[in-house]
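# Reading the structure
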Amino acid sequence: MAIKLDSGFEIIYLSDLKYNEMTVELQYKGQQVAQINKDKGSDQMEIDIYSEYVIPDFLTDLKFPLKDFLEAINMATIALREA
């Protein structure tokens with residue numbers, strides 16, 4: 001399941017084997033940006049910011065409004081709490 005935002009961000013539910021709980025991945029225009037997990041509980045979620053997975057040609061496009069990123073993180077956190 002995925003949640004697409006008008007800002008170009010997408011929230012994707014994942015069952016990553018390196019985590020015990022469900023995770024969500026944040027993508028921007030199809031590129032991995034971050035992954036949020038709730039292994040330590042819903043009140044202590046952690047975010048991994050990914051830059052090594054971004055295609056080098058895309059790095060110049062990896063600039064976006066902070067408010068859009070924060071909105072995506074907020075929505076991803078809510079989605080993960082409810083998962």
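Residues numbered from 1 in each chain as written. Predicted model: local features only at pLDDT ≥ 70, side-chain atom pairs only at ≥ 80, totals over all residues. Heavy atoms only, no water.

## Points about the pattern of salt bridges
In plain terms, the rule: Salt bridges, as used here, are contacts in which a Lys or Arg side-chain nitrogen is within 4 Å of a carboxyl oxygen on Asp or Glu. Here's how the labels work: a residue is buried when its accessible area is under 20% of the maximum for its type, exposed when over 50%, partly exposed in between, all with a 1.4 Å probe on protein chains only.
In the structure shown here, the tally under the stated rule is two salt bridges. Glu46 is paired through a salt bridge with Lys40; the nearest N and O atoms lie 2.9 Å apart. Across the salt bridge formed by Lys67 and Asp68, the nearest N and O atoms sit 3.3 Å from each other. Since its relative accessible area comes to 63%, Lys67 is described here as exposed.

## Looking at the nonpolar core
Definition in use: Side-chain atoms within 4.5 Å are what join buried Ala, Val, Leu, Ile, Met, Phe, Trp, Tyr and Cys residues into a set we call a nonpolar core. Only DSSP runs of H or I reaching four residues or more are called helices, and only runs of E reaching two or more are called strands; each is numbered from the N terminus. Whether two residues are in contact is decided by their heavy atoms, any of which lying within 4.5 Å being enough.
Phe9, Ile11, Val24, Leu26, Ile36 and Ala76 are the most contacted members of the largest nonpolar core, which totals 14 residues. Residue assignment for this core shows that the elements contributing at least two residues are β2 (9-14), β3 (23-28), β4 (31-37) and α1 (66-82). Looking at this core, the element that brings in the most residues is α1, giving four residues. Excluding its chain neighbours within four sequence positions, the residues that come into contact with Val24 are Ile11, Ile12, Tyr13, Ala34, Gln35, Ile36, Ala76 and Leu80.

## Digging into the sheet that holds β2
Going by this rule: Paired strands, as defined in this entry, are two strands with at least two bridges between them according to DSSP. Helix axes are fitted to C-alpha atoms over the stretch in contact, other axes to C-alpha atoms as well, and angles between N-to-C directions run from 0 to 180 degrees.
Strand order in the open sheet formed by five strands is β1-β2-β3-β4-β5, with antiparallel pairing between adjacent strands. At either margin of the open sheet sits one strand with a lone partner, and together these are β1 (2-4) and β5 (46-49). Averaged over all neighbouring strand pairs, the angle between strand axes comes to 20°, with direction disregarded. Pairing geometry for β1 and β2, over three bridges, is antiparallel.

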